Amino acid sequence: MRDDLKELWRFRELLGAMVERELRIRYKNSVLGILWSLLNPLVTVAVMNFVLKNVMQNDTQSFSAYILAAYLPFMFFQLAVLDSSQSVLAALPVVKKVYFPREILPLASVISNGVHFLIALVVYFVFIFVVWASTGFGTPPVTYKLWFLPVLLLIHFSLATGLSLFFSALNVFYEDVKYALTIVLYLAFFLTPVMYFAETVYYATRKYGAMADLLYTVFMSNPVATICTAYRKVLVAPGKIQVLINGHAEQIQPRPLDWTLFGLAAVLSFVVLIGGYAFFNRMKWKFVERP
Amino acid sequence: MSEVLVKLENVHKEFVLSHSGASSIKTLLLWWKRRSKEKLNALNGISFEVKRGESVALIGRNGAGKSTTLSLISRIYKATSGTVTVNGRLAPLLELGAGFHPDLTGLDNVLFNGMIMGLTRKQVTERLPQIIAFAELDKHIDAPVRTYSSGMLARLGFAVAVHVDADVLIVDEVLAVGDFTFEKKCYDFIDQFRKQGGTILFVSHNAESVKRVADRCVWLKGGLVHMDGDPESVLASYQADAAAPNEGL
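Note that the structure is a prediction, hence the values are computed from the model and not measured.

Undergrad: Let's hear about the overall build of chain B: which residues, and what values?
TA: From N to C terminus, chain B includes eight helices and nine strands. For chain B, buried positions account for 49% of its 249 residues. For chain B, the proportion of contacts with a sequence separation of at least 24, taken over those separated by at least 6, is 71%. For chain B, the exposed area adds up to about 11,900 Å²; of that, 53% sits on carbon and sulfur atoms.

Undergrad: Any chance you could break down the nonpolar core for me, citing the residues and the numbers?
TA: In terms of nonpolar packing, the biggest core is built from 167 residues, with A:Phe100, A:Tyr124, A:Leu235 and A:Phe287 touching the most fellow members. In terms of residue count, helix α4 (residues 63-90) of chain A provides more of this core than any other element does, 18 residues in total. Here this core spans two domains, since at least three of its residues come from each of domain 1 (4-88 + 205-243) and domain 2 (95-165) of chain B. If sequence neighbours within four positions are ignored, A:Tyr124 has contacts with A:Ala65, A:Leu68, A:Ala69, A:Leu72, A:Leu235 and A:Val236. Judged by nonpolar contacts, the second largest core, of seven residues, contains A:Val201, A:Tyr202, A:Ala225 and A:Leu261.

Undergrad: Describe the pattern of salt bridges, with residues and values.
TA: All names here are of chain B. On inspection of all chains with the given rule, the structure shows 21 salt bridges over all chains. One salt bridge in this structure joins arginine 52 and glutamate 3, with 3.0 Å as the shortest N-O distance. On the criterion of sequence distance, the pair formed by arginine 52 in the loop between β2 (38-51) and β3 (55-59) and glutamate 3 in the segment before β1 (4-17) is long-range, its members being 49 residues apart. Its relative accessible area of 23% is what places arginine 52 among the partly exposed residues. For lysine 221, the salt bridge is made with aspartate 241, and the minimal N-O distance between the two is 3.5 Å. Highlighted residues: lysine 221 in strand β8 (residues 216-221) and aspartate 241 in helix α8 (residues 231-243), separated in sequence by 20 residues.

Undergrad: Hey, could you go over the packing of helix α7 (residues 149-173) of chain A against helix α12 (residues 259-283) of chain A for me, with residue numbers and the actual values?
TA: All names here are of chain A. At their nearest, the axes of α7 and α12 sit 7 Å apart, and the two run at 35 degrees to each other. With respect to the hand of their crossing, α7 and α12 are arranged in left-handed fashion. Of the residues that constitute the contact of α7 with α12, the class distribution is 20 nonpolar, six polar and no charged.

Undergrad: Break down the sheet that holds β1(B) for me, with residues and values.
TA: All names here are of chain B. Taking strand neighbours across the sheet as the criterion, the three strands line up as β2-β1-β4 in an open arrangement whose pairing is antiparallel. Bordering the open sheet on either side are β2 and β4 (81-86), each of which pairs with just one other strand. When strand polarity is set aside, the average angle formed by the axes of neighbouring strands in this sheet is 25 degrees. Both β1 and β4 contribute to a ladder of five bridges, which runs antiparallel. The residue of β4 that forms the bridge with lysine 7 is threonine 85. Each of β1, β2 and β4 is contacted by helix α2 (residues 66-73), which is oriented at about 120 degrees to β1, the strand it contacts most.

Conventions and cut-offs
Residues numbered from 1 in each chain as written. Chains lettered and ligands numbered in written order. Predicted model: local features only at pLDDT ≥ 70, side-chain atom pairs only at ≥ 80, totals over all residues. Heavy atoms only, no water. Helix = DSSP H or I, 4+ residues; strand = E, 2+ residues; numbered from the N terminus. Buried < 20%, exposed > 50% of the residue type's maximum accessible area, 1.4 Å probe, protein only. Contact = heavy atoms within 4.5 Å. Areas by Shrake-Rupley, 256 points an atom, 1.4 Å probe, with all protein chains shown as cover. Core = buried A, V, L, I, M, F, W, Y, C linked by side-chain atoms within 4.5 Å. Domains from an automatic or database assignment. Salt bridge = Lys/Arg side-chain N within 4 Å of Asp/Glu carboxyl O. Axes fitted to C-alpha atoms, helices over the stretch in contact; angles between N-to-C directions. Left-handed = near helix turned anticlockwise from the far one by under 90°. Nonpolar A, V, L, I, M, F, W, Y, C, P; charged D, E, K, R; others polar. Pairing = 2+ DSSP bridges.

Laid out in structure tokens, this is it:
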């Protein structure tokens, strides 16, 4: 693996060029370009916010900030894994002709989606500050917890990269991987606290008595769920949230981040990264010999 | 000037044949016990060297292992056993602009392709005027590649490959594209490249281009080096062999 990393470092300029190329292709063919792809999550979240507040009648303060803070990371994760799973297969004609470290292909997909995610985060901050200003400068929308954002990004990127490497290699040999992945990621969206809170899950599991904590842990052992929850703790200044407790809607203070679960997600992410890269390296010489 | 740039030692390459085509998870689950493991030995222990300044042609029938050999040297395949050593930079001539992205301009694609071949961004930028001139594209260079004709694509691909300052130029039968003038330009370039001490390794079925370009000829047969020598005599025996009626492989 060390030799593979050295080789990758030698080709870092190509990786940079490929990221640039992907971003360019993404923004080139539409007039609105980058604006268009930022508008998409904002509109989605606006609709979600409308439905959750007015149809589902959840009265959480700054709900849209909570949704955005989990939706943007989830979208990054989903797009990065989906895009990169196709990357090697799509580039197979080049792969068959020229040598370059093959991992550059999925990495470029992850990084270009990552760059897009970072731009979206900037838009998020603009959004919450505009809301803060328009509501008469109440409690500041960010807290000191923001220092933790880089750590969180590192863990999140590791998980996305690891899975991308794994699936991009697998997809070369089994083309239906992409379809299975689309369905799994779609379902994962509902199992990730984006349109609800980790606290909602916590109180929903309370009625199972002795099993309660186990069920909650199982639900949150999905690293994406824990990572998205962590983004909320870091990005949104804690205000009261509305959850159902024993069938009654109640406004509560958010629970602090569960560090055991978070540690688990972090360890899992790094294991996935190393495992994914090892798998990719084992398969990468066979890409061109694909039947 | 007798530094060895490419060296193959007892190289074997084995492919696993599959009869089911591209597989899916379903076929994996259903047929995991019955997966065909038929092997094809493309190369059965090839050894040869290419020294600096040589121009070597690989000839042989279809399936003799010519393209496999080139791919092994270009590090696209990994040898099953044996060693392949390459000293210096290789430039493979790509087929009809493989690796070009249709939606990007010619210019962006040149940058990208140059970097795939191991140049830095700065080096590609410095060579841009020469590349554009060589490809005879002038103002078309700013148009998306999808608007190019196949001749333009071939010219651009060739132009990039010849400007990466390669130690070894790898050519797999792509000289037949483009019109007559461009073909002549390619041959002129190859002549010039050889005069400057460049090394060429190419595959061709065309006896004329072998005689024209090569100063050594390696005949592959059944995954082995059958004959290695000056083009005239190797080609003569090759053609005699091809004319022989009862020939296995």
